[in-house]
Structures are given as C-alpha cells and as structure tokens.
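Breakdown of the fold
Below are the chains, spelled out letter by letter.
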Amino acid sequence: MNVRESAVFAVRGVVANKLRSALTMSGILIGVAAVIILISAGTGANRSITDQITALGANTLTITPNSTLAGGRNNQSRNGGAAATAVNSGTETRTSQLTIEDAEALVDPVLAPDVGLVAPVVSPQSITATMNGATHTVTTFTGTSPSYLTINSNTVQAGVPFTDSDYLGRRRAALLGPTVAKALVGGDGLSIVGQTVQFNGVAFEVIGVLAGKGSQGPQDRDDVVIAPLTAVRDTLASYGNLSSIAAQATASDRVNTAQDQISAILVARHHVTPADADFTIFNPSSILETVNTVTGTFTLLLGAVAGISLFVGGIGVMNIMLVTVTERTREIGIRKAIGAQRTDIVGQFLLEAVLLSVLGGSIGVVIGVLVGSAKIGTFQLVVAPYSIVLAFVVSVAIGLFFGWYPANRAASLRPIDALRYE
C-alpha cells in the first residue's frame with residue numbers, strides 16, 4: 001500500500017469519529033495558540049520597553065550629580081552651592097556638583113572626539129504657568145541650550161525653536177509642550193504661540209509649541225517647558241550648579257566610548273577616582289542590552305510554560321490513538337491477513353496521528369496570530385514569526401512522537417489474534 005492509500009485510510013479514521021477527533025485536536029490547538037500568544041506577549045513587552053528607552057535617544061548620555069558617594073579632595077563649591085548636594089564621608093564633606101564649566105569641557109575634540117553635542121540643564125521645581133486666568137502646574141521645566149532640542153529629539157510643530165542668539169542674549173523665550181499649551185488656551189494649543197505666559201510671576205514669550213511625544217508609563221512627556229538656561233537662571237533658578245548635563249555621542253556605536261571619555265574628563269576635573277566619582281552617567285544603550293536579556297529570558301519562560309500544554313495535547317493524541325487501535329483490532333487483522341505489511345499499518349496510524357496534530361496546529365496558528373496581534377489597553381502584543389514556525393513544527397513532531405507507539409502496537413498484532421478479537 002502506498003502513501004496515498006495510507007493517507008486516505010487516515011482521513012477516514014479521523015472523519016469517522018468527528019467529536020473525538022475535534023476534542024483531540026483541541027489539545028494541540030490550545031497548546032499552539034498558547035505558545036504564539038505568550039511569546040507575543042513577551043515580544044510585545046520587549047518592544048514596548050525598547051521603544052521607551054529608544055525614545056530617550058539611542059546615542060544620548062545624561063550626567064547627573066551623584067549624592068551617594070564620598071571622598072576626594074574637592075570640598076568647595078565653585079559656583080555657589082544652591083543646587084549642590086553635600087556628602088559626608090565621616091572625615092570630610094565633599095559637594096557633588098556639575099557646572100557650566102564641566103559641560104563646556106566635554107566639548108573637546110582631543111579629549112572627547114566621540115562626544116558630539118552637549119547641553120547643560122537646570123530644572124527648577126514647582127513652576128506654575130499662568131495666562132489670562134488659566135493656570136497649570138508644569139511637571140518638567142527645563143532650562144538648557146539649543147543643543148538640548150537635538151539631543152532630546154524635540155521638534156517644534158508651531159513657531160520656532162530658540163537659538164544660540166536667544167541663549168546668549170538671555171531672552172525670556174519658552175517652548176511649551178502640548179499639554180501645557182492646551183491647559184492654558186484650550187483647543188490644540190497652537191494659538192498660544194506669540195503670547196506671553198507667566199511662570200511663577202515671570203513673563204516669558206511663547207515662541208513655539210513642541211511636537212507631542214505621548215506618555216511614558218505614568219509620566220506625561222508633553223507636560224514640559226523648555227527655555228534658554230541663561231534666562232531661567234536669571235529668573236527661576238539660582239546661579240548654582242547644574243541639575244544635569246545632556247550629551248550625544250557622534251554615532252550610536254560610539255556611545256560607550258563617549259561615556260568613557262566623559263568619565264575621564266569629569267574625574268580629572270573633580271579630582272576624584274572612578275571608584276568614588278561624584279557623578280553618574282546614564283547610558284540608555286547599556287540599559288537596553290540588560291532589558292533585552294531580561295525580556296528574552298522572560299519570553300523563553302513564557303514559551304516553555306505554553307510548551308507544557310502542547311506536551312499535554314500530545315499525550316491526548318497518544319491516548320486516543322491507543323483507543324483507536326483497540327477499536328480497530330479486527331480491521332487490522334483483516335488487512336494483515338490479505339497482505340498488508342507492517343510498514344503499511346504503521347504508516348496508516350502514524351499519518352492519522354500527524355493529521356490530528358496538523359489540523360489542530362493549523363487552527364491554533366490562526367487563533368494565536370489573531371489574538372497575538374491584539375492591543376490590550378495601551379499594550380500591543382507582537383507576533384514573532386519564529387513562534388509560528390516553532391509552534392507548528394512542534395505540533396507535527398508531537399504527532400509523530402506520540403503516534404509512533406500506538407502505530408507500532410497496531411503493526412505488532414498477529415493476524416490470528418486480531419481476527420479473534422471481539
């Protein structure tokens with residue numbers, strides 16, 4: 001008997017008991033769908049976190065004062081201590097600080113050839129915007145240089161960004177995030193361009209509205225105001241130390257090198273060692289690598305858990321095939337009596353087991369892709385193509401593996417014993 005005839009017998013065997021076949025396939029179906037859906041959840045989580053970190057800038061670095069370490073010989077503030085953090089080591093006190101001079105020192109083609117743009121940042125707190133009776137408490141108010149807009153990927157949807165001349169001229173100009181603009185004038189907020197807004201009683205001219213960035217978790221990234229650092233220091237912040245320094249590497253593959261160069265410059269300027277540095281450099285790319293490792297492990301565990309349901313489905317296939325062999329013992333005896341070979345019997349029942357797995361796996365793939373492409377609230381599941389192939393191949397392998405024993409058991413029956421079976 002050839003493969004075609006074996007396939008015909010296998011189809012007849014599956015169709016003969018529709019309900020039982022459907023219940024058997026459901027085990028494989030659920031297992032395949034579960035693998036695809038759970039891997040989609042892991043992939044979606046990885047992409048969501050990656051997008052959030054990438055939004056910070058793939059080749060950006062943020063330097064902040066470190067108030068958790070002590071030591072060194074730099075005990076005096078160079079520009080006043082308004083924004084500095086005092087650190088007590090037990091024997092001496094050192095002030096953690098970042099200054100304008102530090103930011104300027106990072107723009108050095110010799111000592112820091114891989115550092116491109118640099119922007120000093122001050123972040124005054126508790127800033128309230130007021131205009132024509134409308135008020136809004138600004139979540140993030142940033143005083144910085146024009147380079148910050150490029151480093152932080154800020155674009156202006158209406159108006160113009162502030163320039164170097166605005167920065168050097170100490171112009172009281174402001175760029176508003178969409179949330180702030182809408183809170184003050186309503187609508188899309190764009191009509192606020194050209195008008196004057198009071199920030200804690202200080203008048204700033206609105207020269208532009210930033211393009212929206214949406215939310216990052218609970219943080220509204222559009223609830224921001226960006227203005228020239230010089231004007232902010234004149235009015236809303238002291239002339240003390242910087243809140244942070246934003247820097248951008250010349251290329252995404254030079255971020256780690258740029259970080260080392262920045263660290264070397266600041267260590268030398270602050271008279272500290274790398275072990276007791278009074279600053280911290282935030283590198284999104286290194287965090288991204290860690291996140292990819294963690295989410296990769298998470299996705300693997302989810303896939304393994306779903307794989308258990310596929311294994312259980314395989315046991316169901318074996319159980320039904322054993323029942324089928326028992327029910328069709330006389331048929332097997334007759335076929336062997338008229339000349340069917342062992343391979344013919346094995347092929348028939350093995351094809352039947354594989355057919356159940358393939359049908360269940362195919363339906364499971366369709367359901368898995370549909371559910372795995374869904375969006376739950378703000379969370380988007382992402383179907384990984386390899387999960388479809390993996391789940392389907394495993395379902396076929398399960399049919400072969402768990403169908404082999406029942407098929408061999410059927411082929412091992414002696415014709416005379418099979419014919420006598422009632």
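Residues numbered from 1 in each chain as written. Predicted model: local features only at pLDDT ≥ 70, side-chain atom pairs only at ≥ 80, totals over all residues. Heavy atoms only, no water.

**A few points about the overall build of the protein chain**
The condition that has to hold: Strands here mean DSSP runs of E at least two residues long; helices mean DSSP runs of H or I at least four residues long; both are numbered from the N terminus. Relative accessibility decides the category of a residue: with a 1.4 Å probe and only protein chains considered, values under 20% of the type maximum give buried, values over 50% give exposed, and everything between is partly exposed. To be clear on the numbers: accessible area is Shrake-Rupley with a 1.4 Å probe, and residue cover counts the displayed protein chains and nothing else.
Within the protein chain one finds 13 helices and 18 strands. Here the protein chain, with 422 residues, has 45% of them falling under the buried criterion. Surface exposure of the protein chain reaches about 19800 Å², of which carbon and sulfur atoms provide 61%.

**Re the packing of helix α11 (residues 342-372) against helix α12 (residues 385-411)**
The criterion, for reference: Note on geometry: axes are lines fitted to C-alpha atoms, helical ones only across the stretch in contact, with angles between N-to-C directions running from 0 to 180 degrees. Each angle gets one of four labels, with under 35 degrees taken as roughly parallel, over 145 as roughly antiparallel, 65 to 115 as roughly perpendicular, and the rest as oblique. Each crossing is labelled by how the near helix is turned from the far one, with a counterclockwise turn of less than a right angle marking it left-handed and a clockwise turn marking it right-handed. Under the convention adopted here, Pro, Cys and the residues Ala, Val, Leu, Ile, Met, Phe, Trp and Tyr are nonpolar, Asp, Glu, Lys and Arg are charged, and Gly plus all remaining residues are polar.
Axis separation between α11 and α12 bottoms out at 7 Å; the angle between their running directions is 155°. Between α11 and α12, the crossing angle belongs to the class labelled roughly antiparallel. The interaxial crossing formed by α11 with α12 has right-handed handedness. A class-by-class count of the residues in the contact of α11 with α12 yields 18 nonpolar, seven polar and one charged.

**Here we look at the pattern of salt bridges**
Stated formally: The salt bridge definition used is simple: a Lys or Arg side-chain nitrogen within 4 Å of an Asp or Glu carboxyl oxygen.
As enumerated under the stated definition, the model contains five salt bridges in all. Between Arg 170 and Asp 234 there is a salt bridge, and its shortest N-O distance comes to 2.9 Å. Here Arg 170 is found in the loop between α5 (164-168) and β9 (173-176), whereas its partner Asp 234 is found in helix α7 (residues 229-235), with 64 residues between them in sequence. Put simply, Asp 166, Arg 171 and Glu 205 are held in one network by salt bridges that share partners.

**Structural notes on the pairing of strand β6 (residues 134-138)**
The following threshold applies: Any two strands between which DSSP finds at least two bridges are classified as paired.
On β6, burial follows the alternation: Ala 134, His 136 and Val 138 on one face are buried, whereas Thr 135 and Thr 137 on the facing-out side are not. Relative to β6, strand β5 (residues 127-131) runs antiparallel, the two being bridged by five bridges. In the strand pairing of β6, Ala 129 is matched with His 136. Here β5 hands over to β6 after two residues, with Asn 132 in that stretch at a positive phi of 50°.

**What about the packing of aromatic side chains?**
Filter applied, for reference: Only centres within 6.5 Å qualify two rings of Phe, Tyr or Trp (six-membered ring in Trp) as a pair; their planes then separate them into stacked at under 30 degrees, edge-to-face at over 60, and tilted for everything else.
What the rule picks out here adds up to five aromatic pairs. Plain terms: the ring middles of Phe 141 and Phe 199 are 5.2 Å apart, the flat faces sit at 75° to each other, and that makes the pair edge-to-face. In this pair, Phe 141 sits in strand β7 (residues 140-144) while Phe 199 sits in strand β10 (residues 196-199), placing the two residues 58 residues apart along the sequence. Classification of Phe 141 as buried rests on a relative accessible area of 2%. Taken together, a centroid distance of 5.7 Å and an interplanar angle of 75° make the contact between Phe 199 and Phe 204 edge-to-face. Exposure class is identical for Phe 199 and Phe 204. Each is buried. Grouping aromatic residues by their ring pairs yields a cluster made of Phe 141, Phe 199 and Phe 204.

**A look at the nonpolar core**
Inside soluble globular proteins, nonpolar side chains tend to come together where they are buried. Cut-off, in case you're wondering: By convention a nonpolar core is built from buried Ala, Val, Leu, Ile, Met, Phe, Trp, Tyr and Cys residues, the set being connected through side-chain atoms within 4.5 Å. Two residues form a contact once any of their heavy atoms are found within 4.5 Å.
By size, the foremost hydrophobic cluster in this structure holds 51 residues, and its most contacted members are Ile 63, Phe 141, Leu 176, Leu 184, Ile 192, Phe 199 and Ile 262. Counting residues per element, this core draws most heavily on helix α8 (residues 255-270), at six residues. Filtering out sequence-adjacent residues up to four positions away, Leu 184 remains in contact with Ala 129, Met 131, Ala 134, Thr 135, His 136, Leu 176, Ile 192 and Val 197. In this structure, Val 14, Phe 349, Ala 353 and Ile 398 belong to the second largest nonpolar core, which totals 27 residues.

**Digging into the environment of Thr 326**
The topology assignment puts Thr 326 in helix α9 (residues 284-327). Overall, the relative accessible area of 34% leaves Thr 326 in the partly exposed class. The spatial distance from the C-alpha of Thr 326 to the C-alpha of Arg 409 is 9.6 Å, given a sequence separation of 83 residues.

**Some points on α12**
Defined as follows: The length a helix should cover is 1.5 Å for every residue beyond the first. Fitting axes to the seven residues ending at a residue and to the seven starting there, one defines the bend at that residue as the angle between these axes.
The terminal C-alpha atoms of α12, which comprises 27 residues, lie 39 Å apart, in line with the 39 Å expected from a rise of 1.5 Å per residue. Maximal helix bending in α12 amounts to about 40°, located at Trp 404; proline Pro 406 follows within four positions. When we look at burial in α12, the residues that qualify are Ser 387, Ala 391, Ser 395, Ile 398, Gly 399, Phe 402, Gly 403, Pro 406, Ala 407, Asn 408, Ala 410 and Ala 411.

**Side note on a nonpolar patch on the surface**
Note the threshold: Distance thresholds for patches are 9 Å for like charges and 5 Å for nonpolar side chains (Val, Leu, Ile, Met, Phe, Trp, Tyr), applied to residues having over 30% relative accessible area and no salt bridge.
On the surface, Ile 363, Val 366, Ile 367, Leu 370 and Val 371 cluster together to form a nonpolar patch covering roughly 420 Å² of accessible area. You can see Ile 363 is positioned in helix α11.

**Here we look at the environment of Val 185**
If you trace the backbone, Val 185 turns up in helix α6 (residues 178-185). Taking relative accessible area as the criterion, Val 185 reaches 28% and is therefore assigned partly exposed. Distance from Val 185 to Met 131, taken between C-alpha atoms, is 8.2 Å for residues 54 residues apart in sequence. Contact partners of Val 185, with chain neighbours within four places excluded, come to Met 131, Ser 191 and Ile 192.

**Topic: the side chain of Asn 283**
The following threshold applies: We call two N or O atoms a polar contact when they sit within 3.5 Å, provided that within protein one can donate a hydrogen and the other can accept it, with sequence-adjacent residues counted only if both atoms are side-chain atoms.
With respect to the helices, strands and loops of the structure, Asn 283 is situated in the loop between β16 (279-282) and α9. Here Asn 256 takes part through its side chain, which lies 2.9 Å from a polar atom of the side chain of Asn 283. At 2.7 Å, the side chain of Asn 283 and the side chain of Gln 259 are in polar contact. Beyond its immediate stretch of four places on either side in the chain, Asn 283 contacts Leu 61, Val 255, Asn 256 and Gln 259.

**A look at the confidence of the model for the protein chain**
Just so we agree on the cut-off: Confidence of the predictor at the level of single residues is captured by pLDDT, which takes values from 0 to 100.
Mean pLDDT over the protein chain stands at 81; residues scoring 70 or higher make up 85%. With pLDDT under 50 throughout, residues 68-93 is counted as low confidence; its partners more than four residues away or in other chains account for 65 contacts.

**Quick notes on the environment of Thr 295**
Tracing the backbone shows Thr 295 in helix α9. Remark: the alpha-carbon pair of Thr 295 and Ile 49, spanning 246 residues in sequence, is separated by 9.2 Å. Sequence-distant contacts of Thr 295, that is, excluding residues within four places in its chain, are made with Asn 46 and Ile 49.

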